[in-house]
Amino acid sequence: VLELLRGVQRGSEDRKRSLSRLRWALQNKETQQKFVRLDGSIRTLIGLFTSNLADMQMEAARCLHELSHSSDPAVAEACLPVTSYLLTYLSGHSVEFTELCLYTLGNLVVESEAVRKQLLPQGIIPVLASCIQSPHEAVLEGLGYVLSQLLQAKEAPAEIIPLVLDSVLPQHMLRLVCSGLKAGIGAAVEFAWCLHYIVCSRTANAALLSLGALPALTSLLLDLASEIPQEALEGLELLVCPVLRCLSNLLAEETSCEVQIQDERLLITLFLILQCFFQQHPFIVQECLWLLNNLTADKPFFCSALLFLDLLPALLQLLPCSQMAGVLVLTVLCNIAEKGPAYCQQLYQQAALPLLLPTLALPDPEVVGQCLELLHLLFLHCPEAAADFVRRGGHRVLEQHQSTPQLQERARALLDMVVQPLGASTFSPCHPTLSAFS
């Protein structure tokens, strides 16, 4: 390593070759740590990085990029002197050079709080804001990467997100996400995750809602769903996931959103996405169900639409997918049943009860507990469902749960309810809107 550094410092004819060899050597973790401890190593790289020799400048940038991959905070902090130059070079130069600077910045901010604290006063947010109208997809994707790393920092809610909100970044991020595949899926994915991290901080939701985030993201999902039946683009699930999370979390806010997002096509879209990604990307099932829960929690419109569009059978088929999927399906059904007798009658007439009996026999207390909540609402509003439940032997399954500590009280109450269908309820209300994963 020392010999390579000397070759670079001597300025000989083979300096570029030494620099190129150094770049490959810096892919090794131990080499990175040894290099930054050598006297003048970073200073030499900065000298070449800021030189007017384009080939040397690019090779030095590649060396710095390799160093930025280090998971050792000491290596990242050794690169502190280069951060101001990285910001300066984001305007101008070649697309490849700008992209390299962006990814180097993104890697450095991940590993070091000291780097982040230095970049904020240096004006990284305004500089990034000036890059977001670049016509180059590679630059936009790199920009999204830097922002996503900054927005995941522990100090982001207090120190970084307020600066982002004061810039033009939110509206442009929303525009680029909603342009979907037109701006390139890589850039759209990065900015969708940026929006997700902002929403999860709960400091910016009012601002995003005022920008029309709900209708815009809904329209994006509708557009994506229209592409799905032909051929799902590779990596499309990476865009769908953060968009679903953003919508779920925005809907979980205590704000009146129903006027902006009262569109039954969104339900059809969710089930198309489920059908498309169910086999290869089962995690999307959970994301869709979180959103479906938050759509149906307080809004009769979506409960009615789900039943009217005959989507209940497709929903019930998701019960055995996983423990979390089962709980969420049952929670959505509780949201529907909680709306009253007409809704419970529809659930009963659409044969929900036969599919609930196997679920009730499962050994999972959380799934069974949510199933008990649903049965309570059905029996309360639809007495014939209680009679049918007994005919099918459901009361015997309930008796088995009387010995389960988490379930025994509710199981006994439901048994009493089967005997006296109009008896008083001892159950708690079903779940309100839920925040999606942060």
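Refer to the structure above for everything that follows.
To keep things clear, this report deals only with the structure shown in the data block. Everything quoted here is computed from the prediction, not taken from an experiment.

### A short note on the packing of helix α24 (residues 352-360) against helix α26 (residues 383-391)
Consideration 1: Running from N to C, α24 and α26 cross one another at 55 degrees; their axes reach a closest spacing of 11 Å. On the basis of the axis angle, α24 is oblique to α26. Relative to α26, the crossing made by α24 is right-handed. Residues L353, L357 and L360 of α24 form the contact with α26, whose participating residues are A385, D388 and F389.
Consideration 2: By residue class, the composition of the contact of α24 with α26 is 5 nonpolar, no polar and 1 charged.

### What about the nonpolar core?
Consideration 1: Core analysis: the biggest nonpolar cluster contains 156 residues, and F49, L67, M173, F191, L315, L375 and F379 have the highest contact counts within it.
Consideration 2: Residues contacting F49, with those up to four places away along its chain left out, are Q57, A60, A61, L64, V82, Y85, L86, Y89, F97 and C101.

### Concerning the packing of aromatic side chains
The way to describe two aromatic rings as a pair is by their centre distance and the angle between their planes.
Consideration 1: According to the stated counting rule, one finds 7 aromatic pairs in the structure shown.
Consideration 2: Here the aromatic rings of F49 and Y89 are separated by 5.1 Å at their centres, their planes lie at 80 degrees, and the arrangement is edge-to-face. In this pair, F49 sits in helix α4 (residues 41-49) while Y89 sits in the loop between α7 (83-88) and α8 (95-111), placing the two residues 40 residues apart along the sequence.
Consideration 3: Taking relative accessible area as the criterion, Y89 reaches 13% and is therefore assigned buried.

### Quick notes on the environment of L217
Consideration 1: Residue placement: L217 occurs in helix α16 (residues 213-227).
Consideration 2: Residues L217 and L250 lie 33 residues apart in sequence; the distance between their C-alpha atoms is 11 Å.
Consideration 3: Filtering out sequence-adjacent residues up to four positions away, L217 remains in contact with L174, V177, C178, V243, C246, L247 and L250.

### Here we look at helix α19 (residues 283-296)
Note on helix geometry: an α-helix contains 3.6 residues per turn, so any two residues three or four positions apart are oriented the same way.
Consideration 1: Spanning 14 residues, α19 covers 21 Å between terminal C-alpha atoms, matching the ideal 20 Å at 1.5 Å per step.
Consideration 2: Where burial is concerned, most of α19 is hidden: 12 out of the 14 residues are buried.
Consideration 3: Inspection of α19 places I284, V285, E287, C288, L289, W290, L291, L292, N293, N294, L295 and T296 among the buried residues, and these make up the whole buried set.
Consideration 4: Buried residues in α19 make contact with α16, α17 (236-252), α18 (265-277), α20 (300-308), α21 (312-316) and α22 (323-337).

### With respect to the side chain of R116
Consideration 1: Residue position: R116 is located in helix α9 (residues 113-119).
Consideration 2: Assessed through its relative accessible area of 7%, R116 is described here as buried.
Consideration 3: Polar contacts involving the side chain of R116 include one to the side chain of E155, which spans 2.6 Å.
Consideration 4: For R116, the residues in contact, after removing those within four places along its chain, are V109, V110, L150, A153 and E155.

### Observations regarding unusual backbone geometry
Consideration 1: Even without a glycine there, the phi angle at D310 is positive, about 60 degrees.
Consideration 2: Along the chain, D310 turns up in the loop between α20 and α21.
Consideration 3: The backbone of A351 sits at a positive phi, close to 60 degrees, despite the residue not being glycine.
Consideration 4: Tracing the backbone shows A351 in the loop between α23 (341-349) and α24.
Consideration 5: With a relative accessible area of 38%, A351 lands in the partly exposed category.

Cut-offs and rules
- Residues numbered from 1 in each chain as written.
- Predicted model: local features only at pLDDT ≥ 70, side-chain atom pairs only at ≥ 80, totals over all residues.
- Heavy atoms only, no water.
- Axes fitted to C-alpha atoms, helices over the stretch in contact; angles between N-to-C directions.
- Helix = DSSP H or I, 4+ residues; strand = E, 2+ residues; numbered from the N terminus.
- Parallel < 35°, antiparallel > 145°, perpendicular 65-115°, else oblique.
- Left-handed = near helix turned anticlockwise from the far one by under 90°.
- Contact = heavy atoms within 4.5 Å.
- Nonpolar A, V, L, I, M, F, W, Y, C, P; charged D, E, K, R; others polar.
- Core = buried A, V, L, I, M, F, W, Y, C linked by side-chain atoms within 4.5 Å.
- Buried < 20%, exposed > 50% of the residue type's maximum accessible area, 1.4 Å probe, protein only.
- Phe/Tyr/Trp six-rings, centres within 6.5 Å; stacked < 30°, edge-to-face > 60°.
- Expected span 1.5 Å × (residues − 1).
- Polar contact = N/O pair within 3.5 Å; in protein donor to acceptor, adjacent residues only side chain to side chain.

So yeah, pure geometry; function would need other evidence.
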